[in-house]
2 protein chains.
Amino acid sequence: MNSMATQDRVLNDAQIAELAQQLRVDAVRAAAAAGSGHPTSSMSAAELTAVLLARHLHYDFDDPAAPGNDHLIFSKGHASPLLYAAYVAVGAVSEEELLTTYRRFGSRLEGHPTPKLPWVDVATGSLGQGLPIGVGVALSGKRLDDLPYRTWVLCGDSELTEGSVWEALEMAGTEGLDNLTALLDINRLGQRGPTRHGWDLDSYARRIRAFGWHTVEIDGHDVAAVDQAMTEAAATRGAPTAIIARTRKGRGVAEVENKEGFHGKPLPHPEEAIRELGGVRHLRVHVQPPEPARRPTPGGDPTAPLPRYRLGDQVATRDAFGEALAVLGTRREDVVALDGEVGDSTRAGVFGKAHPERYIECYIAEQQLVATAVGVGVCGRLPYASTFAAFLTRAHDFLRMAAISRSDLKVVGSHAGVSIGADGPSQMALEDLAMMRTLHGSTVLYPCDANQTARLVAGLAGHHGIGYLRTTRGSTPVIYPPDEEFPIGGSKVLRSAPDDQVTLIGAGVTLHEALAAADQLIADGTRARVIDLYSVKPVDTQTLREAAEITGRFVVAEDHHPEGGLSDAVLECFGNGHPMPLLTRLAVHTMPGSATPDQQMHAAGINADAISAAARKLVNTPLTTVSPR
Amino acid sequence: MNSMATQDRVLNDAQIAELAQQLRVDAVRAAAAAGSGHPTSSMSAAELTAVLLARHLHYDFDDPAAPGNDHLIFSKGHASPLLYAAYVAVGAVSEEELLTTYRRFGSRLEGHPTPKLPWVDVATGSLGQGLPIGVGVALSGKRLDDLPYRTWVLCGDSELTEGSVWEALEMAGTEGLDNLTALLDINRLGQRGPTRHGWDLDSYARRIRAFGWHTVEIDGHDVAAVDQAMTEAAATRGAPTAIIARTRKGRGVAEVENKEGFHGKPLPHPEEAIRELGGVRHLRVHVQPPEPARRPTPGGDPTAPLPRYRLGDQVATRDAFGEALAVLGTRREDVVALDGEVGDSTRAGVFGKAHPERYIECYIAEQQLVATAVGVGVCGRLPYASTFAAFLTRAHDFLRMAAISRSDLKVVGSHAGVSIGADGPSQMALEDLAMMRTLHGSTVLYPCDANQTARLVAGLAGHHGIGYLRTTRGSTPVIYPPDEEFPIGGSKVLRSAPDDQVTLIGAGVTLHEALAAADQLIADGTRARVIDLYSVKPVDTQTLREAAEITGRFVVAEDHHPEGGLSDAVLECFGNGHPMPLLTRLAVHTMPGSATPDQQMHAAGINADAISAAARKLVNTPLTTVSPR
């Protein structure tokens, strides 16, 4: 690189202003080279970024895993040209890489940042997520690990309308996260035009102060003011700080500065813009190293035994989840449990009693629940976030982004399905399997008994990625011995004979119904295979194909809407040329109301009677293939 | 009913206090009879409800559709015993119905309120949704219809941690909705224990005032104070009012009052509790009638022609959506468009230019976007809410609840799939079809060309329920003439012959790839049927079964993750005894990065080359059925 790095490692204000211009120029160049991108949204935050790099960030770009490293999250992920220009300025990315690969196929410099880059904690680009996750990162450093880093989150003004941002402001304010600084780039212009509050900085400050934050209002293009605000932020004790910076979108290029219609596109005349910005520079900024720090090595007693339940006892899988999670917390001190103010119902509270220092109450704010989990995961913790499965839909976008972030995140949803009974449909998860299965790289588990649940809670810990466990409100009989193993991707064939005529497939509550249905069928001479499909994703293809070969007929019963759940998981095994069995899909086709669990299962047509009736009908259906003319 | 209705139709303070005790007693009785429910959460808000009924609500329970009726939304839907007790007190529900059907199978008195009851606007029970929807109701009355009603929303304190509540507070405050009053029942105790702010009323007031609301802090059990606060709320101009009421959970029964561990369960000793509360009463409260008012009858020019696009032109379906929606707005003046601050990208802005008075900017707050839509829907409007399809995941729980509310709601998601190109995965909807299909009673449409899009935009208007339209960022060729019809539940067979060997199925961008693949296949002598599956739900079962009979082999290509989308919709037709075709599922199995649209489609394996290759392989696979031993 044809570098003209400054000799003096500490930049003065004028040099920082030059650095800011360089960041602008490189953002303009990157977007021009790519033919797309968000240069104007980058240009407004150039001084905020330049001052941060030159004076306040503590980070070793050669060792992104250093425990003392500050965390810098671009919540306004569309300002990726600015972030990548900063990486060029610190020498972490070459100018050539920026100008030839940005937004191109195979590049790590994507349109919005992802952890393909070693310095990026989490993917951003869905607005309003960076600050919530930053809260988890800051909380981790302050409360779990006592590490000296600061967390800096650059937010746009348009994203401040997201409720998730206010969940984050509330949690950070009440937790007193003084190691967290939000840099609010108030450039007045959103994607489609002016924001709600324009440059009324005080409208933001009033709101944010009310949430327990310290606020500083500044001219975001005044290097000295930015520097002073960041100094003040670092010195503020007991409260996080929001630096509310009045800026101009497209700052420095008259053709676009503070004008509508230039969001998310390269500048119309990049060469002229670069000249107007003072031309290409090759300044190198020296970022201060992190304080030496060691992340505590989590201990634990790996021999702590999982809970054991007696065959035949009636135990709710949610109870087994809570008890197993508490043991997992003893085995592994990196495990953290997060609650959405329902820990008494999900039974996460059992972990909370055993390990209060690693139990994080996120109150009823499911987006912040998942974001905090992702944040502590960034800091090396293994998070288990739990709430009612129905309310996980509230965090769908955070789960989607966690998949893009390649987060190692465990999610547990209780009170699944109509079997909860009288509370009615608002509390019933009937969409959660579909939601969790569709997430890229996810694991989806749905245990039917307490010993299985305990094993799967522990099993998820060793399985990287987003893992979902669905639990049941009511008690179910223990059918597996405590030492039975349940590999992820496996299943259990509970009834089988070489002459089985039909296969009954269930998981969770419907597995018990399938077993009862098999008994009913035997009574009138029909031999049914029964498969416990506890691993909904990945699904046990081999066992299902074998069952199809032998029986040719499947009845799948699930406590879920018909789309996206167990039946679809079963059918996946038979795509791509594998002949499909005849399949009857029993699921919740109707909108339930209030009723007892038994009435609900009956009304939905997913109980033993419905399964055996469907099986009887199916065994009388001839096995014909499609017969093309 | 053994009524002892007061002769005097106006209750004095002491009588209202008695009424509050009656509401408590009836809540206790209802939960005791049902064996479940939330009496303690009901008891804290008894005076708030009693004063509202006796002095401030204007409502004709015999005519729930009266345009002048106030709207009362129990955002804390678990306080349903209180709501139903109120219905008893006004004479709308009999004591017998309450005591014998509450929470039972088939009852309209569900565990959480739903619009099965004619006086309930929307289902609640997922916390933090009532106030956002109330904002839509209030906005409708103030801005769209100029109706005299007030909207009253009863919120719990635990739900105030939901970001969606702050989206609502922000919108109501900035819109100056002085016809909206939030009744905040600050009883200090959430489900699992104390709330974050306990009885620190000022912590709530500070935050809410910062959002532009008028606030009043009161003792929520002081009838005169409640009355005065409601009078003040009604008199306040230019701002909504929050009545922040300090209350005691379980108020009036020493065994449970202000104690932990009694959430969501009947009182341990209901008979004693009823005695302590002064016994059963049969007061009848006379609610003031609504002001006479007429809802404007929406006009419109039903002959306004839909946009027409020329065969062969390149037009993005998002453009056709915007243009068609603007015409629909001319045809039907009840149509309202709602934007999540991306109307320039989704093209909803075209409607905004044509009908600014019916264009509601919700800024980047997707939960409030959907909630506002549901709210204006309650008031007789037909809402079309749009944003990037990826960000609709943010509103998943609101969509789920809208299904329980039986809302007539149209949702449009743009920028679907990897075909958006360089922006990367955060902006790509790859889960939306699964999410929308799983909603109970939903309609899911995915057009491939501009004329089809225009027809489907209009078609959704006549189809009650949640309707989803998925649009594409880039241009696609117009392949249908402008007068072609596209019934919901239909499909188009674009290539077919009696001796077709394989069926290629696509929708949206992949339909064009399927057509190109068919051309490639013809070149080497393979005859492929091509189906445009624009109606993903309901799906055209008959056409798919016929294609299966004739070709026996399907290749399904979709710009979506493999779970829950087009392939699963296709396979639905073949459950329940219908023999399945051999099926190859082409979908986005990987995590995309940045790239051009063509590179993305190639990398995901969903372009013409991938489809034709899969088809070639499939036609060489023998059609065997499963063969049970």
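Residues numbered from 1 in each chain as written. Chains lettered and ligands numbered in written order. Predicted model: local features only at pLDDT ≥ 70, side-chain atom pairs only at ≥ 80, totals over all residues. Heavy atoms only, no water.

**Student:** How should I be thinking about the nonpolar core in this particular structure?
**Tutor:** It is characteristic of soluble globular proteins that their nonpolar side chains tend to be buried jointly. Leu504(A) and Leu504(B) are the most contacted members of the largest nonpolar core, which has 288 residues in total. Once residues within four sequence positions are removed from consideration, Leu504(B) is found in contact with Ala514(B), Ala517(B), Ala518(B), Leu521(B), Ala528(B), Arg529(B), Val530(B), Ile531(B), Val555(B), Ile611(B) and Ala615(B). (Core = buried A, V, L, I, M, F, W, Y, C linked by side-chain atoms within 4.5 Å. Buried < 20%, exposed > 50% of the residue type's maximum accessible area, 1.4 Å probe, protein only. Contact = heavy atoms within 4.5 Å.)

**Student:** Would you explain the environment of Cys448(B) in this entry?
**Tutor:** Residue and element names in this part refer to chain B. Along the chain, Cys448 turns up in the loop between β11 (443–445) and α17 (450–461). Residues Cys448 and Gly506 lie 58 residues apart in sequence; the distance between their C-alpha atoms is 9.1 Å. What Cys448 contacts, discounting residues up to four positions off in sequence, is Thr317, Thr476, Pro477, Ile479, Tyr480, Gly508, Leu511, His512 and Asp532. (Helix = DSSP H or I, 4+ residues; strand = E, 2+ residues; numbered from the N terminus.)

**Student:** I would appreciate a short explanation of the packing of aromatic side chains in the present structure.
**Tutor:** Applying the stated criterion across every chain, the model contains 25 aromatic pairs over all chains. Their ring planes at 50 degrees and their centres at 4.6 Å tell us that Tyr59(A) and Phe61(A) sit as a pair that is tilted. Overall, Tyr59(A) belongs to the buried group, its relative accessible area being 9%. On the basis of relative accessible area, Phe61(A) is assigned to the buried category, the value being 15%. Ring centres of Phe61(A) and Trp119(A) lie 6.1 Å apart, and the angle between their planes is 55 degrees; on these two criteria the pair is classed as tilted. Of this pair, Phe61(A) sits in the loop between α3 (46–56) and β1 (71–74) while Trp119(A) sits in the loop between α5 (95–101) and α6 (130–144), and the two are 58 residues apart along the sequence. According to the relative accessible area criterion, Trp119(A) is buried, its value standing at 8%. Taken together through their ring pairs, the aromatic side chains of Tyr59(A), Phe61(A), Tyr84(A), Tyr87(A), Tyr102(A) and Trp119(A) make up a single cluster. Directly above the ring of Phe211(B) sits Arg207(A), whose terminal nitrogen or CZ lies 5.0 Å from the centroid. Above the face of the Tyr446(B) ring, Arg470(B) is positioned so that its terminal group lies 4.7 Å from the ring centre. (Phe/Tyr/Trp six-rings, centres within 6.5 Å; stacked < 30°, edge-to-face > 60°. Lys NZ or Arg CZ within 6 Å of the ring centre and 35° of its normal.)

**Student:** Whenever I open this one, unusual backbone geometry confuses me. Can you help?
**Tutor:** For residues besides glycine, phi is generally negative; the peptide bonds are generally trans as well. Cis geometry marks the peptide bond from Lys537(A) to Pro538(A), where omega comes out at -5 degrees. Within the secondary structure layout, Pro538(A) lies in the loop between β17 (535–537) and α19 (541–551).

**Student:** Would you explain the pairing of strand β2 (residues 151–156) of chain B in this entry?
**Tutor:** Here is the key point about a regular strand: its side chains alternate between the two faces of the sheet. Residue and element names in this part refer to chain B. Among the six residues that make up β2, six are buried, leaving the element largely enclosed by the rest of the structure. Alternating positions in β2 separate into two faces, Thr151, Val153 and Cys155 on one and Trp152, Leu154 and Gly156 on the other, with burial throughout. Inspection of the sheet shows β2 paired to strand β3 (residues 180–186) by six bridges, in the parallel sense. Looking at β3, one finds that Leu154 is bridged to Leu183. Chirality of the crossover, the property in question, places the unit of β2, helix α7 (residues 163–175) and β3 among those that are right-handed. (Pairing = 2+ DSSP bridges. Right-handed = clockwise from strand over helix to strand, strands pointing away.)

None of this, on its own, says anything about what the molecule does.
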